[in-house]
Each structure stands twice: as C-alpha cells, then as structure tokens.
Amino acid sequence: MKEWLSQLSPREKMMIGIAGLLTLLVVGYQFVVNPILGARGAALQSYERQLSDNRVVLEGLTRLEETGTRNDAASVSSESLELLLSRTANEKGLEIVRLQPTEGDGVLVWFEKAEPRIVTRWMTELETSAGLKITAFDLRHRSDQAALRGSVTFKRDVS
C-alpha cells in the first residue's frame, strides 16, 4: 500500500486526500450530526404532544371539579350501597363477580371481565351523581381479552 501511495503524483495524492476528507464529512454528517438533529426534533415533538395531553387532562380536571361542586348535594339515596352498586352496574352492563363489605362501611366490588371505558364511566358517574367516593382500586388488563379484571372499593362520601 505504501509503495502504491509513493508512486502517485502529488496531484493524485491531493485528490485522494480530498476524497478521504469528503468521505469523513459525509460519514460524520450521516452518523453523528443527522441523528443528533433528529433526536432533538423527536424530543420537541414528544414534548409538544405531552403539553397537549397535559392541557386536555387539566381541562378535564377543571370540568370534573366543576361537576363535583355542582353535585355536592348529590342524590344520596336511601338504598344500601350494595344495592346501589349492583343496580347501576347492571344498568351499564357490567357483571359484578362479588360484593364484599370492607371496614368503615365500604364495599369492595370485584370484576372478572369488564370493558375499560364502561368501568371508568360507571366509576365517574357514581362519584359525581351518587355521592360515592372511590377509596381504592386495582384494575388490570386480562391477557386473553381486551377487558379488565380487578376490584374497586366504594364508600359513601360524607364530607
């Protein structure tokens, strides 16, 4: 290789040097500069998407708080908590597997197979219109279906 290089004229050596430099510039741009600029753009897009999601969540929280303040005197019915939960779940098409009383006049509701949107809507309606408070929940996706399994603990909101 050295022998071949020594046989080249100064003009050819300069051309090979320029070609090597251009190759380094192209490789450097392609594998260093371009990924850095792309990562910055992707980070900006992710940040803007997160800001948008944050605005949506904050607007929803504001509306939920307004709904909660309007329904402070929620229709607290005289029916038992178990009956209220069973009745409203049946109206929504939810299948309750078990109702279990908990400490402090709460009820633990177990689901084996429930659609996520229906469960979420049901829990929100119970909190805003029936005067109930969710004290705990453990809902997990089923591996065999697009459904949830788990439990939700309700209590009458006495505040």
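Details of the structure are given in the entry above.
Residues numbered from 1 in each chain as written. Predicted model: local features only at pLDDT ≥ 70, side-chain atom pairs only at ≥ 80, totals over all residues. Heavy atoms only, no water.

Novice: Looking at this model, I keep getting lost on the pattern of salt bridges. Mind explaining?
Specialist: It is possible for side chains of opposite charge to pair when their charged atoms get near one another. A complete count under the given rule lists 7 salt bridges for this structure. For Arg142, the salt bridge is made with Glu112, and the minimal N-O distance between the two is 3.2 Å. Pair noted here: Arg142 is in the loop between strand E3 (132–141) and strand E4 (148–156) and Glu112 is in strand E2 (residues 106–114), with a separation of 30 residues, a long-range link. The buried category is assigned to Arg142, whose relative accessible area is 12%. The salt bridge involving Glu115 is made with Arg117; its shortest N-O contact spans 3.5 Å. Residue Arg117 is classed as exposed on the basis of its relative accessible area of 61%. Among the ionic contacts, a cluster of salt bridges with common partners joins Glu112, Arg142, Asp144 and Arg149. (Salt bridge = Lys/Arg side-chain N within 4 Å of Asp/Glu carboxyl O. Helix = DSSP H or I, 4+ residues; strand = E, 2+ residues; numbered from the N terminus. Buried < 20%, exposed > 50% of the residue type's maximum accessible area, 1.4 Å probe, protein only.)

Novice: Would you mind going over helix H4 (residues 116–129) with me for this structure?
Specialist: Compared with an ideal rise of 1.5 Å per residue, which puts 14 residues at 20 Å, H4 spans 20 Å between its outermost C-alpha atoms and is within 8% of the ideal. The complete set of buried residues in H4 reads Ile118, Val119, Trp122, Met123, Leu126 and Thr128. Among the residues trailing H4, Gly131 stands out with phi positive, at a value near 70°. (Expected span 1.5 Å × (residues − 1).)

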